[in-house]
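# Observations on chain architecture
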Amino acid sequence: MPAARTTAGTTTGPGPLPPALEPQPPALAPLALGIDIGGTKVAAGVVDGKGAILEEIRRETPGRDARAVEAVIVELVRELGSRHDIASVGIGAAGWMDLAGAKVVFSPHLAWRDEPLRDTLEALLQRPVVITNDADAAAWAEWRFGAGRGHDRLLMLTLGTGIGGALMIDGRVERGSFGMAGEFGHQIIMPGGHRCECGNRGCWEQYASGNALGREGRELARKHSPMAAGLLAAANGRPKDITGSVVTELALDGEATAQELVAEVGDWLGLGIANLAAALDPALFIIGGGLSAAGDLMLEPARRAFSRNLTGRGYRQEAVITVAQLGPSAGLIGAADLARVRRLGLAGAS
């Protein structure tokens with residue numbers, strides 16, 4: 001894990017976790033089940049006290065039907081619960097949560113509007129359930145077990161269907177006054193730009209997410225650009241099948257147009273991170289979610305754009321931008337671990 005970089009060339013390393021939150025061996029820590037609900041998939045996994053996934057299963061997100069999503073959650077919990085002794089269940093979901101962790105106030109990519117999700121699932125599962133924002137869960141996991149271990153201030157970004165975000169301060173997730181903090185993907189970065197599912201135009205996630213990457217690839221193909229030949233070949237000649245995942249895979253395989261599109265997303269990513277550094281000044285930005293699979297093809301352009309747009313550049317300490325160590329599973333691991341530590345009443349779990 002890289003240490004924080006400073007303009008003077010010195011570094012500061014991470015410190016230890018509080019003793020109560022040090023990873024525990026399996027014999028001392030009950031198993032927890034984590035579920036990560038995204039715009040396209042629902043992933044569930046059994047997680048031990050060291051953050052290791054013992055078994056994981058996935059289902060497609062069933063459209064925008066709230067009851068259907070809940071039915072999938074119940075199915076996954078019952079299936080994994082039949083093979084593992086699970087003490088607690090944590091749900092990480094995309095959207096705004098109330099401070100009590102009982103209700104999904106609004107989810108741009110799902111059907112929940114003032115949805116009492118915790119009570120609904122506890123009634124269906126007949127066991128306690130912890131509900132948290134998916135990016136908050138990912139940040140917690142990276143702080144406990146991954147790239148942010150020991151750092152007292154970090155900012156997590158999850159790049160998938162949209163952009164999720166979370167800010168960790170002194171071992172806790174900062175939720176704001178109303179529980180809505182961390183929705184960094186909905187900062188308006190291009191006034192009058194692309195319409196966002198949140199209702200606004202020009203949100204950051206319309207330019208630096210997996211959806212944005214796929215949209216740019218489809219647009220290029222529909223304009224019959226010769227540059228899109230590789231994209232179309234990968235999608236069997238169907239522009240509608242060019243997704244962010246398809247473009248990312250092509251970029252990793254060396255396809256030039258795909259790499260150019262990924263780099264453009266990286267430019268937008270770095271610009272938004274510079275804005276966040278101006279406002280929040282963390283030492284570390286961790287990039288997770290499915291799009292993080294692009295690695296340095298995206299992060300190097302992001303780092304350059306970040307340095308180019310950073311306010312006070314050349315006269316301030318500059319944060320590190322690194323990829324999440326836990327990959328796309330961070331949200332699942334974090335949701336499970338939050339459920340475990342809250343059940344055990346450990347410090348730092350709020």
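Definitions and limits used
- Residues numbered from 1 in each chain as written.
- Predicted model: local features only at pLDDT ≥ 70, side-chain atom pairs only at ≥ 80, totals over all residues.
- Heavy atoms only, no water.
- Helix = DSSP H or I, 4+ residues; strand = E, 2+ residues; numbered from the N terminus.
- Rg over C-alpha atoms; globule rule 2.2 N^0.38 Å.
- Buried < 20%, exposed > 50% of the residue type's maximum accessible area, 1.4 Å probe, protein only.
- Areas by Shrake-Rupley, 256 points an atom, 1.4 Å probe, with all protein chains shown as cover.
- Lys, Arg positive; Asp, Glu negative; His and termini not counted.
- Charge placed at Lys NZ, Arg CZ, Asp CG, Glu CD.
- Axes fitted to C-alpha atoms, helices over the stretch in contact; angles between N-to-C directions.
- Parallel < 35°, antiparallel > 145°, perpendicular 65-115°, else oblique.
- Left-handed = near helix turned anticlockwise from the far one by under 90°.
- Contact = heavy atoms within 4.5 Å.
- Nonpolar A, V, L, I, M, F, W, Y, C, P; charged D, E, K, R; others polar.
- Salt bridge = Lys/Arg side-chain N within 4 Å of Asp/Glu carboxyl O.
- Polar contact = N/O pair within 3.5 Å; in protein donor to acceptor, adjacent residues only side chain to side chain.
- Phe/Tyr/Trp six-rings, centres within 6.5 Å; stacked < 30°, edge-to-face > 60°.
- Lys NZ or Arg CZ within 6 Å of the ring centre and 35° of its normal.
- pLDDT = per-residue confidence, 0-100.

Across its full length, the chain holds 9 helices and 15 strands. A compact globule built from 350 residues would reach a C-alpha radius of gyration of about 20 Å, and the chain, at 20 Å, matches this within 12%. Along the three orthogonal principal directions, the C-alpha set of the chain runs to about 55 × 50 × 35 Å. Put simply, the chain has 350 residues, and 53% of those count as buried. By element, 53% of the accessible surface of the chain is carried by carbon and sulfur atoms, the whole surface being about 14,600 Å². In the chain, which carries 34 positive and 39 negative side-chain charges, the distance between the mean positions of the two groups comes to 2 Å.

Our next topic: the packing of helix α1 (residues 66-81) against helix α2 (residues 117-125). One way to put it is that α1 packs onto α2 with a least axis distance of 11 Å and a crossing angle of 45 degrees. Here α2 runs oblique to α1, going by the angle between their axes. Crossing of α1 over α2 shows right-handed handedness. Contact with α1, carried on its side by Glu70, Ile73, Val74, Val77 and Arg78, involves Leu117, Thr120, Leu121, Leu124 and Leu125 of α2 and no other residues of that element. Taken together, the residues that form the contact of α1 with α2 break down as 7 nonpolar, 1 polar and 2 charged.

By the secondary structure assignment, Glu255 is in the loop between α6 (244-252) and α7 (256-280). One buried charged side chain, Glu255, makes no salt bridge at all; its nearest oppositely charged neighbour is Arg218, positioned 15 Å away. Within the structure, the side chain of Glu255 is placed 2.7 Å from the backbone nitrogen of Ala258, a separation counted as a polar contact. If we skip the residues at most four places from it in the chain, Glu255 touches Met227, Gly230, Leu231 and Leu250.

Right, let's talk about the packing of aromatic side chains for a bit. Applying the stated rule across the entire model yields 4 aromatic pairs. Each ring, one from Trp96 and one from Phe106, has its centre 5.1 Å from the other, and the planes form 40 degrees; the classification is tilted. Remark: Phe106 occurs in strand β8 (residues 104-106) and Trp96 occurs in strand β7 (residues 96-97); sequence separation between them is 10 residues. By relative accessible area, which is 14% here, Trp96 ends up buried. Above the face of the Tyr207 ring, Arg215 is positioned so that its terminal group lies 5.9 Å from the ring centre.

This part is about the confidence of the model for the chain. Mean pLDDT over the chain: 88, with 90% of residues reaching 70 or higher. Residue range residues 1-16 is modelled with pLDDT below 50. Its contacts to residues more than four positions away, or to other chains, number 34 contacts.

Here the focus is unusual backbone geometry. With a phi close to 50 degrees, Asp114 is a non-glycine residue in the positive phi region. Mapping Asp114 onto the fold places it in strand β9 (residues 113-115). Of the residues examined, Asp114 reaches a relative accessible area of 49% and is grouped as partly exposed. If you check the backbone angles, His224 has positive phi at about 60 degrees while not being a glycine. Here His224 lies in the loop between α4 (210-222) and α5 (229-234).

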